[in-house]
Amino acid sequence: MTITQFENGDSLTLAVEGIIDSTTAPDFEKEMLAAGGKTKNLVVNFAKVDFISSAGLRVLLLSQKKMAAAAGKMTLVNVSEDVREVFELTGFVNVLDIA
Amino acid sequence: MLVCPKCGAAIGENDVYCAGCGTMLHRVCSHCHALMPLMAKFCSNCGTKFEEAKENHVFSIPLPIEKNGFMIDGRDQQKYKMVKIGNQIWLAENFRFKSTDSFVYGNNEDMAEKYGRLYTWDSARIVAPPGWHLATRRDFNELGRFCKSLGQGMVGTMLKSKDAEWKTNGIFGPGTPGSDAVGFAAMPYGVRTSAGVFSYLGSFAYFWCADEENMGRAYYRHLSYFTGAYQECSSKKECAFSVRLVKNQ
C-alpha cells in the first residue's frame, strides 16, 4: 500500500493505492491520523484501493471520529464497486461521507 | 397426453396438482431454470414465454410436510422449525436446501445445519418448496410492525437469537445479544460477497427480500451485532445472503 499527499487550498487529499488489511492498516492509521491533524477538510481518494478489511474499516471509523471531534470533515472519493460493497454490507455507508 | 411423472395419471396443462397422487406439478424455465407451476404461460423469474407444455416439461415436486410445528421439505427431508409471528408463519431457521448458487460459510458443509446456506438473489428467488415463498419486503415490514406493537424494545434485538455469537465485540463496539422475543432466532451468519469472499460471521445477519431494486440489485434486511436496528438495504444480486421463508396465505 502506498499513500500520496496533495494539498489543495484548505483541503488535504490522501491518494491511497493497494489493499488495506491487517498488514497495512497500521501504516494507513499513522498516515490518516497525521493528515487529520493538518487539515479540517480531509479527502481520501480510494480510486486505487482494491480491498479493505475490518482492520482498515476500523482506521476509517477512528479517523472519522477524530475529524468530527475537531469540527473537521473527512470525505472518501472514487470508491470502487467492490469497496463500496464492503461499506454497504457493514453499514459504513451510513457512517462515512462518501462522494 | 400429459402424465404425472410420479404416478403416471393423466393430467391437464392447467392442473396445479395431480388428481392421481396429489403431487404438485411444475415445469422448468428453459432460460433460468426456475420452477414454475405447470399452468404458467411465462416465467415469473425471467419473463421467458413458455411453449405449450409437453410430457418432458412436467416435473413433480414433493409437497412439504407440516407437522407438530415443523416443516419437512419433501425434496431433501430437511426439517425446519416453524413459528407464528402475528398473522404470519415463518421458518424459525435459515433455509438450507442445496441449490445452484448456494453456499456454506467458508465452504464448510458442517455450517449448514446450524446456519443454513447463503444464496445469491437469483437462487433465493426460486428455492422455496411449494406453499412457501422467499420473504418479501411486505413480509418483513409486517414482521417489523408486529414486533413494534409488542413494545419490547428495538425490533432487531427482538429478532436476534440469544446466541452468544451476537455478543462478539467488533469495530463498532461491544455486541448486544438478542432477546429472541418472537422466536425468529436470527443468526449472525454473515455474507458471501459478490467477489466470493465470506465475511462477517458473528457480526451481521443478512436476509434477502424477494423484491428487486433494479436489474442488478435487490433488497435485503440487515441485523447488526452492535445495535437493535432492523434495516432495509439493497445489494448486488451476486452477493449471497441467508434466506427465510414465509408460508403462503
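Residues numbered from 1 in each chain as written. Chains lettered and ligands numbered in written order. Predicted model: local features only at pLDDT ≥ 70, side-chain atom pairs only at ≥ 80, totals over all residues.

A. Seen up close, the sheet that holds strand S1 (residues 2-8) of chain A. All names here are of chain A. Pairing is mixed across the open sheet formed by five strands, whose spatial order is S1-S2-S3-S4-S5. Here the strands that pair on one side only, and so sit at the sheet edges, are S1 and strand S5 (97-98). Taken together, the nine bridges between strand S2 (residues 11-20) and strand S3 (residues 41-52) define a ladder with parallel strand orientation. Residue pairing across strands places Ala15 opposite Asn45, the latter belonging to S3. Helix H2 (residues 54-69) rests against S2, S3 and strand S4 (73-77) of the sheet, and its axis sits at about 145 degrees to S4. Sheet contacts for helix H3 (residues 81-90): S3 and S5; angle to S3, the most-contacted strand, approximately 105 degrees. (Pairing = 2+ DSSP bridges. Helix = DSSP H or I, 4+ residues; strand = E, 2+ residues; numbered from the N terminus. Contact = placed C-beta atoms within 7 Å. Axes fitted to C-alpha atoms, helices over the stretch in contact; angles between N-to-C directions.)

B. Layout of the confidence of the model for chain B. On average, residues of chain B score 90 in pLDDT, and 99% of them reach the 70 mark or higher. In the predicted assembly, ipTM is 0.79 and pTM is 0.84. (pLDDT = per-residue confidence, 0-100.)

C. View of the nonpolar core. Residue and element names in this part refer to chain B. Counting 81 residues, the largest nonpolar core has Trp208, Phe241, Val243 and Leu245 as the members making the most contacts within it. If you count residues domain by domain, this core takes at least three from each of domain 1 (1-61) and domain 2 (79-247). In this view, Phe241 contacts Leu118, Tyr119, Val191, Tyr206, Phe207, Trp208 and Tyr220; residues no more than four positions away in its chain are not counted. Ranked by size, the runner-up nonpolar core spans seven residues in total, among them Cys4, Ile11, Cys18 and Leu25. (Core = buried A, V, L, I, M, F, W, Y, C linked by C-beta atoms within 7 Å. Buried ≥ 20, exposed ≤ 12 C-beta atoms within 10 Å, placed from the backbone. Domains from an automatic or database assignment.)

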